[in-house]
Amino acid sequence: MVISLIFVICSAAWGAGIWYLIIRILLSLGGGLFVTLYDSIFFYITILIIWTATGILFANHLQEQKLELLLFTCGITAILAFFVAAMFFLL
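Residues numbered from 1 in each chain as written. Predicted model: local features only at pLDDT ≥ 70, side-chain atom pairs only at ≥ 80, totals over all residues. Heavy atoms only, no water.

A few words now on the side chain of Thr-77. Locating Thr-77 in the fold gives a position in helix α3 (residues 68–90). At 2.7 Å, the side chain of Thr-77 and the backbone oxygen of Thr-73 are in polar contact. Other than its neighbours up to four places away in sequence, Thr-77 contacts Val-8, Ser-11 and Ala-12. (Helix = DSSP H or I, 4+ residues; strand = E, 2+ residues; numbered from the N terminus. Polar contact = N/O pair within 3.5 Å; in protein donor to acceptor, adjacent residues only side chain to side chain. Contact = heavy atoms within 4.5 Å.)

In this structure, the largest pocket encloses a volume near 310 Å³. Classifying every residue of the lining of the largest pocket gives 11 nonpolar, 4 polar and no charged. (1 Å grid on protein atoms, 1.4 Å probe; cavity = no way out; pocket = protein on both sides within 12 Å on 5 of 7 lines; lining within 4 Å. Points joined across faces, edges and corners; volume = space filled by probe spheres on them. Nonpolar A, V, L, I, M, F, W, Y, C, P; charged D, E, K, R; others polar.)

Right, let's get into the packing of aromatic side chains. Counted by the stated rule, this structure contains 4 aromatic pairs. Taken together, a centroid distance of 4.9 Å and an interplanar angle of 80 degrees make the contact between Phe-7 and Phe-58 edge-to-face. Of this pair, Phe-7 sits in helix α1 (residues 2–27) while Phe-58 sits in helix α2 (residues 41–64), and the two are 51 residues apart along the sequence. Grouping aromatic residues by their ring pairs yields a cluster made of Trp-19, Phe-82 and Phe-83. (Phe/Tyr/Trp six-rings, centres within 6.5 Å; stacked < 30°, edge-to-face > 60°.)

Written out as structure tokens, the structure is:
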């Protein structure tokens, strides 16, 4: 029960994190590809790839453990967190 709640919270962070990374990539498009600071587009694309791979491995793990309902709940939570983060950004 507690692990399931942690999975749902992590999936909410995953959804909001994807939104943040996409916005940071779009905002750093004019800054060049390789910059010494952590605001270069290469840095954010790398983090986005790692973040997405982690989500895919997480979903694969839940599917192997036959926890499709938890996978569905985590997926819906991630999508909702993505759009809630978008609404907060637009306000």
